[in-house]
Amino acid sequence: MSSTDGEARVVQIYPRLSQDTATYCPLQVGAVDTARTVIHNAVVTLGLDATKTYSLLEVRRAGREETLLEAGERPLERVMLWPPRAHRWHPQCNGYYFILQDQHANNGGHQAENSSLCHDDLCNLQTVTEENILEALRQRFNRLKIYTYARNILIAINPNKFLPLYYNPNYVKMYEKQPLGKLSPHIFAVADSALRAMLSRQVNQCIVLSGESGSGKTESCSYLVHCLTSLSQKTYSGGLERTVLGAGPVLEAFGNAKTAENNNSSRFGKFIQLNYLESGVIRGAVIEKYLLEKFRLVSRDPGERSYHVFYYLLVGASKEEQQQFHLLKPQDYVYLQQEDLHLDDVEKLGREYKRLHQAMEMVGFLASTKNHIFSILSAILLLGNVTYTQSEDAEVLDVGPAEVLSTLSNLLKVKTEVLVKTLVKRRVVTAGAAVLSQYTLQEATAVRDSMARSLYGALFDWIILHINHAMFNRRDMEESVPCLSIGVLDMFGFENLRTNSFEQLCINFSIEKVQCYINRHVFHLEQEDYVSEGIAWRTINYTDNSRCIRLISEESTGLFALLDEESNLPQATDETLLDKLKQRHGDNPSVLPSSHREPTFIIQHFAGRVKYHIKGFRQKNTEHIRPEVISLLRSSERAFVHHLVASSPEALFRWGVLRATIRILTVFKKLGRQRAESISGRRGSRKAFFEKRGSTAVGRLSSNSLPLDFSFDRSDEHPLDVFEDIFVNYEKRKKNRGSRRKQLIPKNLVDLHSLRHIVGLTAHDRTSKFIFHPHRSTKPPTVSTQFQTSLGKLMESMEKAEPFFIFCLRSNNGKKDLHFDAELVLQQIKYQGLLQMVRLKKSGFSAKYTFKEFVEQFRMLLPKGATMRPEHITELFEKMKLDRTNYQIGKTKVFLKEKARQLLQDKYNKEVMHHIIVLQRWFRASLLRMHFLQKKDATMLIQRNWREFYENQNRAATVIQTAWKSSLKKSKHQREKESNGSENRLGRDSLTKKELTRQQKVELSPNRTQQRSGSREKREGRGSPPPLTRPLSLPLDPKAKEEPCPGPPKASSLQRYTDVEAFKEKAEKWRERLSEGERTDESSPEVQRRHGVRKNEFQHKGKSVSVDELSKVSSSGSDSSPSTNEIPAETDGSSFSCQSRSCDEDLGPHGSNNSQLTTPEKIWFLSKFLRKRPKYPPVNDCPSSKAALTLANYTPQPYNRPTQETERVGRNPTIRISRATRALQCNTSLEREITDPNELRKLDEFLGNQVNELQSRMKKLSPTESVFLTATMQFRETIKGMYSVQKPQIGYKDLMKGYENQVNTLAGSKDKKTEVSLVVNLFQSMLDGFIRGELKRVESEPVKATKATKNRRKKAACPNSPLDHLFSTYQVNIMQSCDLCGSYIWGMEKAYMCSACKLICHKNCLNKIITDCSTRCDRKDDSVPGSLHFGVQVCVLTSKANPVPKVVELLLIHVELNGLYTEGIYRKSGSTCRARELHQILETDPDGPCLDNYSIHTVTGLVKRWLRELPDPLMTFSLYSDFLHAVELPEKAERIRAIYQKVEELPPANYSTLERLIFHLVRVAKEEEHNKMSPSSLAIVFAPCVLRSPDVNDPFLGMKDVSKTTMCVEILISEQFRRYNEKMQNIQQLEYAEALAVSQLKLRRQNTLIEKPSELDVADHSDELERTLIDRIKSIKQEKVDLACGLPDLEREQSDNDNLDSLSLMSSDSLGSLDSEGQ
């Protein structure tokens, strides 16, 4: 099964047959396996009679009816709808299982239903009639299959009940990247197809929803937006998606209402346009609204309600909000009063109010903005409670009640007098003056209602404007940035109410326009193309509604034109409008006659007849905000109200910015004056304050309230402040990195350009505002004119896109759940033309190409030299034996049905693969030919050189023979006599002279380095090999000189050279031992004597002892157990000056140490060894005392005690020691392996101490010392990179080889090669001393139980992520169901969703999870032997103890130690034979091979091979497209964040292995100067290994993605490289701070010894400063370890987007609020 088919599961089939069979039959079922396939496999497995017919039934929950699965249905889709506990194992007791039964049997009365008409695609019906379509839809609806295809058209029947399982996130995942029609019909499939079509063809898409009111268009629109945003969130989860999802509930609350046909009817049309980058990531969105039905606010038909938001507010508001907004009960408002008002859904309304609050926060409304909005809503409702009474004076109206007016003025922040004046008087402005006149009672009521409607319309416009700005992307204003879009059109539903007025006419006109658009694209353009191309085609007729559209919208005689004409006439009425309409269109077939007794007219729409009442047409057509209302609202003290009635939002914004700027400047000046006065007054007190601080370091350190001293130039005066400052600053930086502050200022701030752009997008349907102006020449446009203009723009944008159509059908008129009204559905099938659509789609051609496009697309299938002629294409089809009914060739195009297109595509893919194989074969042959020719030339060159050498050898042999023959002429006796005498004498003289010379050197140069002596011996040994069986050892003092020493055997020179081969072998071993840098023999007498001398020296020194000999603060730790107050043994820096100990104590059983001396004498020795010139160190002797010295409350253990091992190496390294014994000890210690991470850390600290001491003592470094320091620091980085290895198995010999490679690389030119041996031998001696000290410590300390290494991956350790699930908080947008408990999760609620398997549940249900994550769990293939290490799943090779496969870790460590400096380390390939040999060994036994025997390129080739042979790559197939989309994000920070977000979704084994691999590549890229492997070069090599295309059938797809996959891997390497450098810099800063702290502690103890000698014996005195320094050193050390262990971490860094939940714009009221708040 290909990877694109999805995952497979084991499904248990329970047979229900008469014969005895197994209890159940387990079968492996894939995502594309149908019921027919499963039945066949079950029959074969159970051995049943294959001649019988069987059926497969699904059982859900015990006791429920069984559902028959059709032959084409996919059982795995049914399994995905079951609870997660039944996914892997489904026993019958759980109630979810499959049954296999004989189709003709009637077991228990369960008779299979006849379902010959139940098809996923109506085009598969044998006979296409209205009755068959109706029956097919009925059968599917009864099985809860509400979606049906007609090729690429989706038909959806509204069940009037929420089916949550159809819309859970796992369904989005199921339909992702699946061809339309491959899985069961679903609305998510249309959304995914639109997205893929947009990306593949780079053309805008449009999804059109059509249907009458109550058919479910609004819910379908929500599902589409939910799916499209979810598909975008898979790539990158940002704030924009949350804003888009939050806009839906807000618009539903303010724009939807309950009607007789629909409980959630949209009373406005909307077009949601989602803008995408070319990579498929949402970059912005725009919502356009059309014709809000504002008259519903004042009056409604019985059984209907006003807008949802009023009921949400009145029922869900808290007591505080009720008091704040002066809310009443719903029945107390005139605008909400009606006879049948029964709020039986109070609980739901309260929940929706909370949901509205959350949605408003998602779109960026601040708390103050929400309060302003709710205040306006309360004021609108209160306007209906305003009453008018006729006073005794007939010309004056009284307005009341007074409390209502007072509350209104308070809510609107206007004066009561102005409010009353606006409600009762009309103001007319002329050129001369303004005239006031009284309203009549009827006019005043109309003005009040008009004010309420206008205010609500303005509020709705403002909400749309600011939602658009929250979803706005500034790149939309840049034409240079390419942009694609998917539009979702949710227009009104066709309406035929009891009383149809002007709103219904506009709504039905918009439906006519949409139906005309559908007819054009489905019927007209398609058939016109067939006819113009001249193919055989039978025209299918359809209903044309263009006549009705012309009737309403024709320019001069249309209904809207007549309405505008009558609206401009002052004496016109609704009756005159009706008469003119009947007069001009009485003979139009679309205008039907109506009764003369009522003012109505009837229009024949495509969906039926509608009777319209003419009353109120003129008034509603000229609806706009009156000038008196605008003047009233502009006088409000609340800036928010100003924005509602602003005629120019841009001008208002400019004035707001100007006012805010002036006030800010004023405030700044005032604060500046106040600050100047306060500073001048505080100078005296501040001076006294600093004098009281005290100058002691202890006081400054212990004071937490005083600021730190940042003056580094007074470090001698305040040394502790320097250290404190460094450490505190570092802690602050770490804290800021770990948890960034939440951004307080929103990102999407309003500016003039963005505001002008947004206003321009929505200006076509904004509420008209009529403002007083004495010279006004034009009136605001009418509603019908605005509506026609906005529809025209909508159709223009839709014509530029490729459409997808979804036809929504009502199931019944009574809003009953799951009730199918056949008569109503049949009526909708007829007027929507579904019968004609199905016939057209069944007989039409789904794919069409021009000849040019066809030849370019399928050139490989055509013969060579084929042109764009139809004969060549016909010849190809005949050759492939395609059915002629599946294709036709026109004049310029080729038409194919889906079956023919699929066959052609499969043939093309096979041909491409064949060509690729041929090219590969040819390339391999050329490569082998080139290699053969190279080897041939090399062979000829070798043969020629060998012949030349052979000839020269023969010539030389002839000369030697001639000389030899001439020498034979001398006398044999004389020759022997002369030879014996001369050789004996020369041998004795030479040996005596060498011995005296060496003894003299030892005496005269006691500080000469061991390596120099060894190199000289090596040079001397070339002339004459050593004659001794044991190397010479001489004592240092005069007494030792008199002791006898072994001498050479008495043999002559000729006798020694008789066995030439043996001598060559000995000489070769001699050179090897010298080159390895041998050490001193402990058994030599001079070592034993030196121990005695050192013992006497310690006894004579008294208490003036080196700090290193007594301090515990060292690099590698002491052998003895530390005391309670001591510093840990891993401290960087030098040692302390402490008390001296007696010789017996120093040489006790716990007196050994594993580290080298870091005393001034030792450092002097290192520098002299590297500089090769004599210099004596200064000697500082302290007053001696035989009494033991102790520090107050601190008893450190000796850092380097003068034992037999440490003193031998550290005090006088130039002493000649036994090379044989020394080489043996060195090889023995280097054979040791590091198996404890703590040992690596100790080694790192030990080397750090050596480097720090050398750097502190030497002001100017020689080239050799520079090489030593640089190589050691780089070697320490290598060790730090191994901190994270849980169970290391690293040999010291491998570390030594790696160090030697570094030194060789750093030495560079041949002139510096002589320094390599000096540096390597010095390092080896240091390493040997550390190893022996570590061995002593291990022997002396008891074995401690190793602690389990804690998992550093936060996601895996999260308590809310059990069983490999990757849960995160999920904001539910559409109502869904919990996969565990089955209960609903309401919209805007917080749930938990696994980002991998899309399991969604309540937070309280997390503990109920019993199944592993189906995507991220470690699925092991039982058919693969467990001993294999190549070509198996990563999870098979890993465990909790070993998170990285053993083979990978072994190969990577070897490359890091031996190959980082090899040029082209991963670019070049090794020997094929050697690689095959190593692969065979590693396949079964990773510990078997010795990698040192193979070239480094062979080892690196095995690394790449292991990655390539993985069945599922490290960056898995399932996340392949997500990684590619992440790469295409526009901003670099977004790309990095998106890639790391996807990396976190990898399975744990893949994550750990990828983390280790990327860290290794970072190490390689760090040495780019030497290996020439940059991050981009490494990405080119490794991208095909770790990120492979899952689509193996389309070879070109993988080739197109090469650049994206390479960039993805390069981003990972580069980002990790940046983090690596940053962490290493932090570690260096910590080491510097630690060295300062150690130095301060050492100086303080020295001062204590000198200043208070009488108190040194007092051990119980506590020193607070010392404890503080010790605690800080411990903290620094732990921080260093944490940083080093976190070097390979791939975790995503926190950003502002993580802490900021899509804070949108600074709304304009925040600027305007300065008007009120500033006062």
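In the block above lies the structure referred to throughout.
The notes below deal with the structure included here. Quick caveat, the model's predicted, so the values are computed rather than measured.

Thresholds, definitions, all that
- Residues numbered from 1 in each chain as written.
- Predicted model: local features only at pLDDT ≥ 70, side-chain atom pairs only at ≥ 80, totals over all residues.
- Heavy atoms only, no water.
- Helix = DSSP H or I, 4+ residues; strand = E, 2+ residues; numbered from the N terminus.
- Buried < 20%, exposed > 50% of the residue type's maximum accessible area, 1.4 Å probe, protein only.
- Contact = heavy atoms within 4.5 Å.
- Areas by Shrake-Rupley, 256 points an atom, 1.4 Å probe, with all protein chains shown as cover.
- Pairing = 2+ DSSP bridges.
- Axes fitted to C-alpha atoms, helices over the stretch in contact; angles between N-to-C directions.
- Phe/Tyr/Trp six-rings, centres within 6.5 Å; stacked < 30°, edge-to-face > 60°.
- Lys NZ or Arg CZ within 6 Å of the ring centre and 35° of its normal.
- Parallel < 35°, antiparallel > 145°, perpendicular 65-115°, else oblique.
- Left-handed = near helix turned anticlockwise from the far one by under 90°.
- Nonpolar A, V, L, I, M, F, W, Y, C, P; charged D, E, K, R; others polar.
- Salt bridge = Lys/Arg side-chain N within 4 Å of Asp/Glu carboxyl O.

In this section: the overall build of the protein chain. Scanning the protein chain from N- to C-terminus turns up 61 helices and 31 strands. Expressed as a percentage of its 1719 residues, the buried residues of the protein chain come to 52%. By sequence separation, contacts in the protein chain at least 24 residues apart represent 75% of the contacts at least 6 residues apart. Counting every atom, the protein chain has about 81300 Å² of accessible surface; 52% of that belongs to carbon and sulfur.

With that out of the way, let us pick up the sheet that holds strand E4 (residues 67-69). Read across the open sheet, the 5 strands follow the order E2-E1-E5-E3-E4; overall the sheet is mixed. The open sheet has two edge strands with one neighbour each: strand E2 (25-29) and E4. When strand polarity is set aside, the average angle formed by the axes of neighbouring strands in this sheet is 40 degrees. The pairing of strand E1 (residues 9-16) with strand E5 (residues 96-102) spans 4 bridges and is parallel. The partner of Tyr14 across the bridge, within E5, is Ile99.

It is worth spelling out the packing of aromatic side chains at this point. Any aromatic ring pair is given by two values, namely how distant the centres are and how the planes are angled relative to each other. Applying the stated rule across the entire model yields 38 aromatic pairs. Here the aromatic cluster, defined as three or more aromatic residues joined through ring pairs, consists of Tyr849, Phe854, Phe858, Phe877, Tyr887 and Tyr908. The residue whose ring lies beneath Arg453 is Phe295, and the NZ or CZ to ring-centre distance is 3.9 Å. Cation over ring: Lys620 sits above Phe295, and NZ or CZ is 4.7 Å from the ring centre.

Axis separation between helix H12 (residues 367-383) and helix H13 (residues 402-412) bottoms out at 9 Å; the angle between their running directions is 155 degrees. By the angle between their directions, the pair H12 and H13 is classed as roughly antiparallel. Between H12 and H13 lies a crossing of left-handed hand. Contact residues: Ser375, Ile376, Ser378, Ala379, Leu382 and Leu383 in H12; Val404, Thr407, Leu408, Leu411 and Leu412 in H13. Residue composition of the contact of H12 with H13, by class: 8 nonpolar, 3 polar and no charged.

Another point: unusual backbone geometry. The step from Gly400 to Pro401 runs through a cis peptide bond, and the omega angle for that step is -10 degrees. Within the secondary structure layout, Pro401 lies in the loop between strand E14 (397-400) and H13. Here His326, not a glycine, exhibits a phi torsion of approximately 55 degrees, which is positive. Residue position: His326 is located in the loop between helix H10 (319-325) and helix H11 (346-362). With a phi angle near 60 degrees, Lys413 is a residue other than glycine that sits in the positive phi range. Take Lys413: it is sitting in the loop between H13 and helix H14 (416-424).

Let's shift gears to the pattern of salt bridges. All chains considered together, the criterion is met by 46 salt bridges. Notably, a salt bridge pairs Arg810 with Glu212, separated by 3.0 Å at the nearest N-O pair. In this pair, Arg810 is assigned in strand E21 (residues 802-810) and Glu212 in the loop between strand E8 (205-210) and helix H7 (217-233), connecting sequence segments 598 residues apart. For the pair Arg810 and Glu212, one class covers both residues: buried. Residue Lys1680 pairs with Glu1245 through a salt bridge whose shortest N-O separation is 3.0 Å. Of this pair, Lys1680 sits in helix H59 (residues 1664-1685) while Glu1245 sits in helix H44 (residues 1237-1257), and the two are 435 residues apart along the sequence. Looking at Lys1680, the relative accessible area reads 4%, which means it is buried.

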